[in-house]
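Geometric and topological summary
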Amino acid sequence: MRKLITLSLIAVLPGCAASETKPPVKAGIATVDVRRTPASTKALDEIAASYLRLTLEIGTHEPGYIDAYYGPPELQKAAEAAPRDKAMLLTATRELMAQIDLAARRLSDPLERRRAVFLRAQLRAAETRLQMMQGTRFAFADEAERLFGVRPRLKPLASYDPELAKIEALVPGDGALADRVEPYLDAFTIPKDRLQKTFDAAIARCRGRSMAHIPMPEGESFRLEFVTGKSWSGYNYYQGGYHSLIQVNTDLPIRLSRALDLGCHEGYPGHHLLNMKLEEKLVKGRGWAEFSVYPLYSPQSLIAEGSANYGIDLAFPESSKADTERDVLMPIAEIAVPFDDRYWQLLAAIKRASGARLTIAQQYLDGVIDRPTAVALTQKYMLVSAQRAEQSVSFTDQYRSYVINYGLGETMVRAHVERGRPSRDEMWRRMAKIVSEPTLPSDLLAR
């Protein structure tokens, strides 16, 4: 999803899934000469067409299941007009998985094989989500593995206590630590009348740094809106044609640190850029229309959230993020520039402790703790007010194990991009491949 959080985790990936694809069924998609297309590819195209229709039909049973769709409107209208029931869709999903297992054996092109493996993993997630829609409940780790292709191993909450001790030293005083951290950070709140200018400046810098390394399609654009009444802090709605709607939730005061974070995460090199490159390279470039639909509860989300979170540090390495905030954004937001680095030291320490959020979510969703306890633990370990803790737990209520995708995804993308101490140019080249190809969590592992 698009709420920006960070978690420090260790992951264990399940065995490789197979995936599938689809045919060129969308206006504006590159055409394929069927007479010259290998039979194995044609079979994969047919499966992919069925996957596209299947995904659109599943979306009629759960609001928010489809995160983005920009294929032919008539396909969506047909799916909405006569969707199969959930039991029938579950049967169809399993039949498609069997079909793709057969088709994948005959594929010789490496990228076509990756296409098949990707779609097989997407179908397994669809199978799981349909089971959940019909009342099946999985343990947190099982659910995460089946939906997102990664089985998280969670640290005990006590392992984050040393980080709290470091934060205590940065914000000394009496009373609960969260009650001291919140007022300190509130001093860096962006005034409402400065939000637009501050975010415009932040996103422009995120875009500029990304453009220097990853070419953007001509005519790409986004629209920024400030909204209320959401469980997330920011969201990207990709609308096709290289255009996004980016929304920022103002239910709670927005602090300065969110400007570059959301600008990179929702925009560049995050969700907006990833969706543009998939449309450009796979949908239009190869005619793989299955990538014109994005089911939220799928391995695609771990790649999307992980690359978006890691993209912040990629675009603003080392001290450049703090320098940009100090020299550019604070004057625009009319926030007093601090005399020392304590503010940025505190933010870094809070991020190191943020993996606790996943452990809290697991305990809460598995019934080990109740909601009031989850809120209280969120306040303690995430160092937030009761209101912000309520919003965090509400996100878990709504999206469940989706929370693994942020920090765990970031950890995996970072390990892949930075493996072997590459140059900055090579790091960006690896990032471009992640967001332009049918990438699964298993593709990020060391070979």
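To start, this report covers the structure provided alongside it.

Calculation rules
Residues numbered from 1 in each chain as written. Predicted model: local features only at pLDDT ≥ 70, side-chain atom pairs only at ≥ 80, totals over all residues. Heavy atoms only, no water. Pairing = 2+ DSSP bridges. Helix = DSSP H or I, 4+ residues; strand = E, 2+ residues; numbered from the N terminus. Axes fitted to C-alpha atoms, helices over the stretch in contact; angles between N-to-C directions. Contact = heavy atoms within 4.5 Å. Phe/Tyr/Trp six-rings, centres within 6.5 Å; stacked < 30°, edge-to-face > 60°. Buried < 20%, exposed > 50% of the residue type's maximum accessible area, 1.4 Å probe, protein only. Lys NZ or Arg CZ within 6 Å of the ring centre and 35° of its normal. Salt bridge = Lys/Arg side-chain N within 4 Å of Asp/Glu carboxyl O.

What follows concerns the sheet that holds strand E4 (residues 221-227). Strand order across the open sheet formed by three strands is E4-E6-E5, with mixed pairing between neighbours. The sheet terminates laterally at E4 and strand E5 (234-240), the two strands that pair on one side only. Ignoring strand direction, the axes of neighbouring strands in this sheet form an average angle of 20°. Direction of pairing for E5 relative to strand E6 (residues 243-249): antiparallel, over a ladder of six bridges. Bridge pairing in E6 links Tyr235 to Gln247. This element, helix H9 (residues 257-267), spans E5 and E6 of the sheet and lies at about 30° to E5.

A word on the packing of aromatic side chains. Per the stated rule, a full pass over the model turns up 16 aromatic pairs. Residues Tyr297 and Tyr402 carry aromatic rings whose centres are separated by 6.3 Å and whose planes lie at 85° to one another, so their mutual orientation is edge-to-face. Taken as a pair, Tyr297 in the loop between strand E7 (293-295) and helix H11 (299-315) and Tyr402 in the loop between helix H16 (386-399) and helix H17 (404-418) lie far apart in primary sequence, 105 residues in all. Take Tyr297: its relative accessible area is 4%, and that puts it in the buried class. Following the ring pairs from residue to residue traces out a cluster consisting of Phe148, Tyr297, Phe395, Tyr399, Tyr402 and Tyr406. A cation sits over an aromatic face here: Arg129 above Tyr297, 3.5 Å from the ring centre. Here Arg326 stacks its cationic end above the ring of Trp344, 4.5 Å away from the centre of that ring.

Moving on to the pattern of salt bridges. Throughout the structure, instances matching the rule amount to 40 salt bridges. Among the salt bridges present, the one from Glu57 reaches Arg53, with a minimum N-O distance of 2.8 Å. Of the two residues, Glu57 and Arg53 both sit in helix H1 (residues 39-59), four residues apart, roughly one turn of that helix. The class of Arg53 is partly exposed, set by a relative accessible area of 31%. With its nearest N and O atoms 2.6 Å apart, the salt bridge here joins Arg207 to Glu220. Remark: Glu220 occurs in the loop between helix H8 (195-211) and E4 and Arg207 occurs in helix H8; sequence separation between them is 13 residues. Residue class for Arg207 comes out partly exposed when judged on its relative accessible area of 29%.

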